[in-house]
Amino acid sequence: MKIKVAPSLLSADFGCLAEEIKKVEKAGADLLHIDVMDGHFVPNITIGPAVVKYIRKCTKLPLDVHLMIKNPQKYTDAFVKAGSDMLTVHIEAISGLKLKNLRSKLKAQGIKFGISLNPSTALGRIKPALKYADFVLVMSVNPGFGGQSFIPSAIGKIKELRALYKGDIAVDGGINNLTARSVINAGANILDAGSYIFGAKDQKKAIERIRNAAK
Ligand code: DX5
Ligand code: ZN
């Protein structure tokens, strides 16, 4: 599977977001990962649709919007209108009929639908929902903040998931050239990385190091 690298804007300088976005686009990013936090589902607050709307104007990269919020189904219309291409919700925040309905709605809107699970959530919890997902996002840190250390149990989870799921598997949290190698070998093909890419002197190199980590 083709490896895609998605810089996470959370580690960008929000004071000059447009330049930061153009820089990672030029450096070879495949997607732009945007972390939306509500202060309820996670203990941090970031940005909403109003900012995504202006991010949309800065780049041609697909916008991969990671919703770390309660009741995500209430807000997806606003994020679709703002120009999202991919929307990820957490299995801990929505399930059952609501998840199924959201999937149908997003499919009709032409949005790629991701379902994510936290490090402490067992893979079994997401199994019934796999048929609805265009991709699965395995969290390798507890969501809320950039710059945390990779939680190694994500590797076994990705391996187990890959054995039963043929779609895209994304991984988010603590990704650098070393952890990238383990998660790609385990079966992940979309790598979200914030601090490693935005903290790098040479972003092009950092992205290439992630992309080629398992070669
Ligand atoms: C964490 C976010 C991540 C975060 C990753 O809650 O979902 O996308 O920005 O940052 P790093 O790569 O620094 O762990
Ligand atoms: Zn994220």
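Parameters at a glance
Residues numbered from 1 in each chain as written. Chains lettered and ligands numbered in written order. Predicted model: local features only at pLDDT ≥ 70, side-chain atom pairs only at ≥ 80, totals over all residues. Heavy atoms only, no water. Pairing = 2+ DSSP bridges. Helix = DSSP H or I, 4+ residues; strand = E, 2+ residues; numbered from the N terminus. Axes fitted to C-alpha atoms, helices over the stretch in contact; angles between N-to-C directions. Donors = N, O, S within 2.8 Å, 3.2 Å for Na, K, Ca; no water. Tetrahedral: all angles 85-135°; square planar, octahedral: opposite > 155°, others 65-115°. Buried < 20%, exposed > 50% of the residue type's maximum accessible area, 1.4 Å probe, protein only. Parallel < 35°, antiparallel > 145°, perpendicular 65-115°, else oblique. Left-handed = near helix turned anticlockwise from the far one by under 90°. Contact = heavy atoms within 4.5 Å. Nonpolar A, V, L, I, M, F, W, Y, C, P; charged D, E, K, R; others polar. Near = heavy atom within 4 Å. Polar contact = N/O pair within 3.5 Å; in protein donor to acceptor, adjacent residues only side chain to side chain. Areas by Shrake-Rupley, 256 points an atom, 1.4 Å probe, with all protein chains shown as cover. Core = buried A, V, L, I, M, F, W, Y, C linked by side-chain atoms within 4.5 Å. Disulfide = S-S within 2.5 Å. Salt bridge = Lys/Arg side-chain N within 4 Å of Asp/Glu carboxyl O.

Moving on, we get to the sheet that holds strand β2 (residues 32-37). Spatially, β1-β8-β7-β6-β5-β4-β3-β2 is the arrangement adopted by the 8 strands of the open sheet, whose pairing is parallel. Pairing within the sheet leaves two strands with one partner each, and these edge strands are β1 (4-7) and β2. This sheet shows a mean twist of 25 degrees between the axes of neighbouring strands, independent of strand direction. For strand β3 (residues 63-68) and strand β4 (residues 86-90), the ladder comprises 3 bridges, and the chain directions are parallel. Across the sheet, residue His-66 finds its bridge partner in β4, namely Thr-88.

Around the zinc ion (ligand 2), the donor atoms from the protein are His-33 (NE2), Asp-35 (OD), His-66 (ND1) and Asp-172 (OD), and they sit 2.0 to 2.3 Å away. Around the zinc ion (ligand 2) sit 6 donor atoms; with metal-centred angles ranging over 71 to 168 degrees, the donor geometry is octahedral. Along the chain, the residues donating to the zinc ion (ligand 2) are arranged with the sequence spacing H-x1-D-x30-H-x105-D. The same class applies to His-33 and to Asp-35, which are both buried.

This part is about the packing of helix α1 (residues 17-26) against helix α2 (residues 49-58). Axis separation between α1 and α2 bottoms out at 10 Å; the angle between their running directions is 50 degrees. As far as their axial angle goes, α2 and α1 are oblique. In this structure, the crossing between α1 and α2 has a hand that is right-handed. The residues of α2 that touch α1, namely those facing Leu-17, Ala-18, Ile-21, Lys-22 and Glu-25, are Val-51, Ile-55 and Cys-58. A class-by-class count of the residues in the contact of α1 with α2 yields 6 nonpolar, no polar and 2 charged.

Next up on the list: the side chain of Ser-116. Along the chain, Ser-116 falls in strand β5 (residues 112-117). Since its relative accessible area comes to 0%, Ser-116 is described here as buried. Setting aside residues up to four positions removed in sequence, Ser-116 forms contacts with His-66, Thr-88, Val-89, His-90, Ile-91, Glu-92, Ile-126, Leu-137 and Met-139.

To continue, consider the site of ligand 1. Around ligand 1 there are 19 residues in total, and Ser-8, Gly-144, Asp-172, Gly-194 and Ser-195 lie nearest to it. His-33 is positioned such that a nitrogen or oxygen atom in its side chain is 3.3 Å from an oxygen atom of ligand 1. For ligand 1, the protein covers 100% of the area, taking 380 Å² as the surface of the free molecule. Secondary-structure elements contributing two or more residues to the shell around ligand 1 are β2 and β3. Among the elements that line the shell around ligand 1, the one with the most residues is β2, at 3 residues. Split into classes, the residues belonging to the shell around ligand 1 amount to 7 nonpolar, 10 polar and 2 charged.

Ranked by internal contacts, the top residues of the largest apolar core, which has 62 residues, are Leu-9, Ile-55, Leu-99, Ile-115, Val-136, Ile-175 and Leu-191. No other element matches helix α6 (residues 177-186), which puts 4 residues into this core. In this view, Ile-55 contacts Leu-9, Leu-17, Ile-21, Leu-32, Ile-34, Ile-47 and Leu-63; residues no more than four positions away in its chain are not counted.

Take the state of the cysteines next. Counted under the stated rule, the structure contains 0 disulfides. The cysteine Cys-16 is free of any disulfide, with Cys-58 supplying the nearest cysteine sulfur at 11 Å. For Cys-16, a relative accessible area of 24% translates into the label partly exposed.

It is worth spelling out the pattern of salt bridges at this point. A complete count under the given rule lists 6 salt bridges for this structure. Note that Arg-56 and Asp-85 form a salt bridge whose closest N and O atoms lie 2.8 Å from each other. Of this pair, Arg-56 sits in helix α2 while Asp-85 is found in the loop between α3 (76-81) and β4, placing the two residues 29 residues apart along the sequence. On the accessibility criterion, Arg-56 (23% relative accessible area) is partly exposed. The salt bridge involving Asp-134 is made with Arg-103; its shortest N-O contact spans 3.2 Å. Here Asp-134 is found in the loop between β5 and β6 (135-139), whereas its partner Arg-103 is found in helix α4 (residues 96-108), with 31 residues between them in sequence. Note on Asp-134: relative accessible area 23%, which makes it partly exposed. By relative accessible area, which is 12% here, Arg-103 ends up buried. Linked through salt bridges whose partners overlap, the residues forming this network are Lys-2, Asp-30 and Arg-211.

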